[in-house]
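Working through the structure, step by step
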Amino acid sequence: MAILCLVPFAYVSQSHAQSSSVSFSDVDKNGENTDVNSVGAGRFRQGNVDDLIYIDEDERLQMRQSTGSARSWQSSYQISDQYSYKKVWVVDVNNDGFDDLVSVNNGNQVYVLMASKNQWFFNGPAVYTFGLSEGAKGSSSSTVINDMDFGDFNGDGSVDIAVLATVSSSSVGGSGGEGPANVTYYNQGYYSIALNNGAGGFSAPGMKQTGSLSQGTNAFIFTAFFSGRVTAGDFNGDSKMDAAFCYHTNSSFSVPYSYIFPGVGDGSLDFNAAVSSGHRGCQDVTAVLPNGPFENVITSTKQATFIFVDNSDSYAQVYDGQWNLKSETKMENTPRGPVGPFTDFNFDGSADMVFTNGKSSLVMVGWNWADTSDRKITNKTSMILGTDIQTSDVGDFDGDGKPDVIGGYDEDINVYYNNTAE
Ligand SMILES: [Ca+2]
Ligand SMILES: [Ca+2]
Ligand SMILES: [Ca+2]
Ligand SMILES: [Ca+2]
């Protein structure tokens, strides 16, 4: 009997012994009366409080300002309806200490809206159109930018943009006068590195092939869903920013591998030195600095860990200076969805990550990045973040110096305030 009584006490003391816990307040839902398609968080005005940006179902850019320590929000404010905005990223492109907005349409255009420092207003948008510098297979091609990430690819101290697009095309042939013609459909990955002129203006070089191709004949066996992800990071520790690309597709064949293209240091990538991750298909890729700095956009050239998110697991890869794989750690049972930004939610000096997948989203805390044995994520906090395009972001919305989490879910922006004791 005495032993049975001790069991619950042993369990409680064990859970208290964990030093890597994190605590968030209950979700603060902001009903928007519109589907929330993409979210971002940033510092757009003087003070110590971040605000929310989101894209509504009519593809307009909207803002919600935080009241700070009161943990509430002003009404939605429309920033721009000038273009059809599909997704938004928040990054300070002109190094003035205020975050700016970068967005895309459903084609090959990128928009940059600079924070004016007047708390409600943004300048622009400046429009950048990305053509192809290398011809695509087939004809009747259309270009859709799938993803972007940010990093200083030419080492001049200003953040540049890695743009990843899918070019879809087709060719007709093989009929020989008998029966219907065969149509072969192609999806090809294309990328561009848009260099910053130092003032937040960008070049828009013609896009080059990533080498990833998915193809099939006739629509009934080949539906053309194909989308890519890109991340910037210095994965081999040579102080030159690299870029990694991956693709997901609903085609059961010719699913491309994900690759890292080493950065040359002048704003170009070395296509011929591509390093395969060894994994096909993906949900997302990202770069993490396990010991910080914990910045939304990696501006430092510290060596990054490469994270590859698969359907049910993720992998953390570390490379040496010659691109040999030093370690690959399987992070088992991660959500099937993109991985959000990393930060240190519990102030233990170690990076924590946000996985975004509807009601299965989680914040991963307490991961020991030095332990390279495969294992499950055990210390996790379930959240409701993300639908459709599935984005989440991190910011300090109440100004207490602790990173909070937001995600768009249906018609709500869900806000989780970080109550972790420092
Ligand atoms: Ca700025
Ligand atoms: Ca640069
Ligand atoms: Ca590098
Ligand atoms: Ca941490």
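We now turn to the structure provided with this report. Here the structure is a predicted model, which is why all the values come from computation and not from measurement. Each chain carries its own residue numbering, running from 1 in the direction its sequence is written. As they are written, the chains are lettered A onward and the ligands numbered 1 onward, keeping that order. Two thresholds apply to this predicted model, a pLDDT of at least 70 for residue-level local features and 80 or more for giving and counting side-chain atom pairs, whereas whole-chain, interface and lining totals are computed over all residues.

Glancing now at the environment of N418. Per the convention used, a helix needs a DSSP run of H or I reaching at least four residues, while a strand needs a run of E reaching at least two, with both numbered from the N terminus. Mapped onto the secondary structure, N418 falls in the segment after β29 (412-416). Any residue whose C-beta has 12 or fewer other C-beta atoms within 10 Å is treated as exposed, any with 20 or more as buried, and any in between as partly exposed, C-beta atoms being built from the backbone. Judged by C-beta crowding, with 23 C-beta atoms within 10 Å, N418 ranks as buried. Remark: the alpha-carbon pair of N418 and V22, spanning 396 residues in sequence, is separated by 7.8 Å. This entry defines residue contacts through backbone-placed C-beta atoms, with two residues in contact when those atoms are within 7 Å. The residues contacting N418, other than those within four sequence positions of it, are F24, F345, K402, P403 and D404.

This part takes up the nonpolar core. If you look at the biggest cluster of nonpolar residues, it comprises 98 residues, and the most contacted ones within it are I53, V110, A162, V163 and A244. V163 has contacts with V110, F130, I145, M148, Y191, S192 and A194, leaving out every residue within four places of it along the chain. One nonpolar core equals one set of buried Ala, Val, Leu, Ile, Met, Phe, Trp, Tyr and Cys residues connected by C-beta atoms within 7 Å.

For the rest of this paragraph, the subject is the sheet that holds strand β6 (residues 87-91). Spatial ordering of the open sheet is given by β6-β7-β8-β9, a layout of 4 strands whose pairing is antiparallel. At either end of the open sheet lies a strand with only one pairing partner, and these are β6 and β9 (122-129). Adjacent strand axes in the sheet meet at a mean angle of 20°, parallel and antiparallel pairs treated alike. At least two bridges found by DSSP between two strands are what make those strands a pair. Relative to strand β8 (residues 109-115), strand β7 (residues 100-104) runs antiparallel, the two sharing 4 bridges. The residue of β8 that forms the bridge with S103 is Y111. To get an axis, fit a line to the C-alpha atoms, keeping to the stretch in contact for a helix; angles then go from 0 to 180 degrees between the N-to-C directions.

When you line up the elements, T166 lands in strand β11 (residues 160-173). Taking the number of C-beta atoms within 10 Å as the measure of exposure, T166 has 24 and is therefore buried. For the pair T166 and S300, spaced 134 residues apart in the sequence, the C-alpha separation amounts to 29 Å. The contacts of T166, once residues within four sequence positions are left out, are V144, N146, N187, G189, F226, S227 and G228.

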